Each structure stands twice: as C-alpha cells, then as structure tokens.
Amino acid sequence: MDRDDLIRRVRQYADRKGLALGERLGAGIHGTVFAAEYQTNGGRSAVKGHERQPAYLRERDVYLRLRAFDITVIRGCHVPTLLDYDDDLWVIEMTVVSRPFVLDFAGANLDQEPDFSDEVLADWRAEKQDQFGPRWPEVQAILGSLEGYGVFLLDVNPGNVSFDD
Ligand SMILES: Nc1ncnc2c1ncn2[C@@H]1O[C@H](COP(=O)(O)OP(=O)(O)OP(=O)(O)O)[C@@H](O)[C@H]1O
Ligand SMILES: [Mg+2]
C-alpha cells in the first residue's frame, strides 16, 4: 500500500463523516495522522490512516480495550479516546491529545506478553534507559499500568510516550 492510497482512504473516511481534514499531526512507520473538524459543529478529532491491515487491527483492538475501561489518562499522561473506526478504510478516529501523552498502539500486543529472551530484554531496557534518561522509571510505570489492561506496548519511543519537556 502506498502513501497515495492511504491519503485516498483517509479522504474517503473524512468525506463520509463530514470531516474537514486539517494539518498533519504526525506520521510514522504505521500511518499518518491528521487533525480534522466536523463541518456541522466544529468538533475536533484526530484521524489516523494505517498503511497495513494487521497493525490497524492491533491498534483498533487496543483502543477498544482502553475505551471499555474508560481510560483517558494513565499516570498523568493523556490517552486518546477512540471515537470511531473503519475496517475497510483502516482508519482510526480518536480525540486529539496534548502532551504529556501516550499513544500509538499499532505495535502493541493485546493479552499476550511478548516472549523475549532475557538477553534481548536487557538490551531493550538499556536502549530505552538511554532514550528516556531520567524519565525511564516514569515510562516503566506507564507500561505497567497498560499491562494491567492487557496492553503490552512494544513500540516505546519518545514520539509515542511524550512528556512536556
Ligand atoms: N490523537 C492524537 N493527538 C495528538 N497527536 C497525535 C495523535 N495521534 C498521533 N499524534 C501525533 O502523530 C505522531 C504519529 O502518530 P503515531 O505514532 O500514531 O503514528 P505511527 O505511524 O504509528 O508511528 P510509529 O512510527 O511510532 O509506529 C505521534 O507521535 C503524535 O505526535
Ligand atoms: Mg508513533
């Protein structure tokens, strides 16, 4: 799937919902996220178009889980709330959040603890410690809270777990 196809699907979603697409909030390996506004009432949302179906389904299911638990904040970090989704267009519509936030569950496992060797895990921890510096214990606490809901976040980076500073 190429970028043009993704944009085409996001546009189709926006048209169907009566949303005007705004600025790009960000992009990554799994997709592209746009700000959007309801033409009827000016309500705002974030629309994420996915490149591929498996990551779309993983992220959709995590957001459904978080919504079932009414999660909007985890340890002081905002978590987007799922507003709507489209299984054919691979689009997730959610609330726009500001920092500090935790988002992007395209690379998360649901109800399945990742089965890494001790060695791989130690390397991973060292890398994350380096990336997050003094914030790493806070990030670990957030990951622990998510695990309480069956969400194992693997794609842990400062774009996905982001603080004010
Ligand atoms: N709901 C939202 N509210 C505000 N900003 C958002 C929202 N969703 C995404 N963003 C911004 O867009 C960026 C890219 O989104 P996201 O991380 O979901 O994409 P991705 O393709 O899955 O990225 P990755 O390469 O990390 O897998 C985020 O880092 C964040 O800055
Ligand atoms: Mg990301």
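Residues numbered from 1 in each chain as written. Chains lettered and ligands numbered in written order. Predicted model: local features only at pLDDT ≥ 70, side-chain atom pairs only at ≥ 80, totals over all residues. Heavy atoms only, no water.

## Examining the coordination of the magnesium ion (ligand 2)
Six octahedral donors around a metal ideally subtend angles of 90 or 180 degrees, whereas four tetrahedral donors ideally subtend 109.5 degrees. Around the magnesium ion (ligand 2), the protein contributes the donor atoms Asp-104 (OD) and Asn-160 (OD1), which lie 2.2 Å from the metal centre. Of the two residues, Asp-104 sits in the loop between β8 (101-102) and β9 (108-110) while Asn-160 sits in the loop between β10 (151-153) and β11 (161-162), which places them 56 residues apart along the sequence. Like Asn-160, Asp-104 is buried. (Donors = N, O, S within 2.8 Å, 3.2 Å for Na, K, Ca; no water. Helix = DSSP H or I, 4+ residues; strand = E, 2+ residues; numbered from the N terminus. Buried < 20%, exposed > 50% of the residue type's maximum accessible area, 1.4 Å probe, protein only.)

## Observations regarding the sheet that holds strand β1 (residues 19-27)
In space, the 5 strands of this open sheet follow the order β1-β2-β3-β7-β6, with antiparallel pairing throughout. Taken across any chain shown, the strands that pair with only one partner, and hence form the sheet edges, are β1 and β6 (82-86). Taken pair by pair, the neighbouring strands of this sheet meet at an average axis angle of 25°, ignoring direction. Sheet topology note: the strand β2 (residues 31-38)/strand β3 (residues 44-50) ladder contains 7 bridges and is antiparallel. Directly across from Thr-32, in β3, lies its bridge partner Gly-49. Contacts from helix α2 (residues 53-68) reach β3, β6 and β7 (91-94), with the element oriented near 150° to β6. (Pairing = 2+ DSSP bridges. Axes fitted to C-alpha atoms, helices over the stretch in contact; angles between N-to-C directions. Contact = heavy atoms within 4.5 Å.)

## A look at the nonpolar core
Leu-66, Val-102, Phe-105, Leu-146, Leu-153 and Val-161 are the most contacted members of the largest nonpolar core, which totals 28 residues. Elements with a contribution of two residues or more to this core: α2, β7, α4 (136-147) and β10. If near-sequence neighbours (up to four positions away) are discounted, Leu-146 is found in contact with Leu-66, Ile-74, Val-102, Phe-105, Val-151 and Leu-153. Within the second largest apolar cluster, 11 residues are counted, among which are Tyr-13, Leu-19, Phe-34 and Tyr-38. (Core = buried A, V, L, I, M, F, W, Y, C linked by side-chain atoms within 4.5 Å.)

The values reported here are purely geometric and, on their own, carry no functional implication.
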